[in-house]
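Residues per chain, in single letters:
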Amino acid sequence: MPESDDELLQMKNKVFIATSLDGYIADENGEIDWLDTIPEINTIDTGYATFTADIDALVMGRITFETVCGFDIDWPYQKPVFVVSTTITEIPVELTGKVHLLKGTLKNIVKQIHQKGFYNLYIDGGRLIQSFLREDLIDEMVITVIPILLGGGYPLFGKLTTRLNFECQATKLYLNAVVQNHFVRRRS
């Protein structure tokens, strides 16, 4: 666990994700090909490398994990990945030591990850992000909005039991088309 109050203050759960203009992270078929609506966005620095340099580990849901595994690429993450799932029973052999499977309540899962020495976490996956928000466990969100209306699909946000106040720390415009907002949780 953290050794000092300063380390406790540095513990953060962060989101870095793209949505459609109408707030979806995938279309109705679970596809994300619409992210390439403006292909030039993939050739410029939108802050992902800086964001991931400041995190200790990734926490992702099952669907996100399976989506990444379905890409025809080498495992893209250099930092440890923790997959939260009630249905996955084992991690593929080639990802042993890179990916760890966790089950339990979110607070317990976060505690387990902190006990392993990882305090700044990148939370990825729509349902997992929604669950973290319901538990008020998200400290920062970087949301990049691609100017396309999908009209349906997998939403980034879901039902909450209480309001969560965030403050916009920065807004950036890329290619006169893509807007990125950086929100920080405002706690009273």
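The rules we used
- Residues numbered from 1 in each chain as written.
- Predicted model: local features only at pLDDT ≥ 70, side-chain atom pairs only at ≥ 80, totals over all residues.
- Heavy atoms only, no water.
- Buried < 20%, exposed > 50% of the residue type's maximum accessible area, 1.4 Å probe, protein only.
- Helix = DSSP H or I, 4+ residues; strand = E, 2+ residues; numbered from the N terminus.
- Arc of directions from axis to C-beta.
- Contact = heavy atoms within 4.5 Å.
- Polar contact = N/O pair within 3.5 Å; in protein donor to acceptor, adjacent residues only side chain to side chain.
- Pairing = 2+ DSSP bridges.
- Axes fitted to C-alpha atoms, helices over the stretch in contact; angles between N-to-C directions.
- Salt bridge = Lys/Arg side-chain N within 4 Å of Asp/Glu carboxyl O.

Undergrad: What's the story with helix H4 (residues 106-115) in this structure? I'm lost.
TA: Quick reminder: α-helices carry 3.6 residues per turn. Residues three or four places apart thus point the same way. Among the residues of H4, Leu106, Ile109, Val110, Ile113 and His114 are the ones counted as buried. For H4, the buried positions fall inside an angular range of 135 degrees around the axis, keeping them on one side. Turned more than 90 degrees from where H4 packs its buried face, Lys107 and Gln115 sit exposed. Elements in contact with the buried residues of H4: strand E1 (12-20), strand E3 (57-61), strand E4 (81-84), strand E5 (99-102), strand E6 (120-124) and helix H5 (126-134). Downstream of H4 by a residue or two, glycine 117 has a phi angle that is positive, lying close to 95 degrees.

Undergrad: Help me understand the environment of aspartate 139 in this model?
TA: Position of aspartate 139 among the secondary structure elements: in the loop between H5 and strand E7 (140-146). Residue classification places aspartate 139 among the buried positions, given a relative accessible area of 17%. C-alpha separation for the pair aspartate 139 and glycine 47, spaced 92 residues apart in sequence, amounts to 18 Å. Beyond its immediate chain neighbours, meaning those up to four positions away, aspartate 139 contacts Met11, Lys12, Asn13, Phe166, Phe183, Val184, Arg185 and Arg187. Here asparagine 13 takes part through its backbone nitrogen, which lies 2.8 Å from a polar atom of the side chain of aspartate 139. In this structure the side chain of aspartate 139 is engaged in a polar contact, spanning 3.0 Å, whose partner is the side chain of arginine 187.

Undergrad: Got a minute to help me understand the sheet that holds E7 in this structure?
TA: Within a sheet, neighbouring strands are paired by backbone hydrogen bonds and run either parallel or antiparallel to one another. The strand order across the open sheet formed by eight strands is E5-E4-E3-E6-E1-E7-E10-E9, and the pairing between neighbours is mixed. Looking at strand neighbours, the two that pair on one side only are E5 and strand E9 (166-174), the edges of this open sheet. Taking the axes of each pair of neighbouring strands and ignoring which way they run, one obtains an average angle of 20 degrees across the sheet. Sheet analysis places E3 next to E4, joined by four bridges and oriented parallel. Following the sheet pairing, leucine 58 is matched in E4 by valine 81.

Undergrad: Explain the pairing of strand E10 (residues 178-185) here, please?
TA: Every other side chain in a regular strand lies on the same face of the sheet, so the side chains alternate between the two faces. Alignment of E7 against E10, held across six bridges, turns out to be antiparallel. Bridging from a neighbouring strand, valine 142 pairs with histidine 182 of E10. Adjacent in sequence and paired antiparallel, E9 and E10 are bridged by three residues, among which leucine 175 carries a positive phi angle near 55 degrees.

Undergrad: What am I meant to see in the pattern of salt bridges here?
TA: Oppositely charged side chains can form a pair if their charged atoms are brought close together. Enumeration over the complete set of coordinates arrives at four salt bridges. With a closest N to O distance of 2.8 Å, arginine 185 and aspartate 136 form a salt bridge. Of this pair, arginine 185 sits in strand E10 while aspartate 136 sits in the loop between H5 and E7, and the two are 49 residues apart along the sequence. Classification of arginine 185 by relative accessible area gives buried; the value is 15%. Note on aspartate 136: relative accessible area 26%, which makes it partly exposed. Ionic pairing is found between arginine 187 and aspartate 136, a salt bridge with its closest N-O pair at 3.0 Å. Remark: aspartate 136 occurs in the loop between H5 and E7 and arginine 187 occurs in the segment after E10; sequence separation between them is 51 residues. The exposure class of arginine 187 is partly exposed, given its relative accessible area of 43%.

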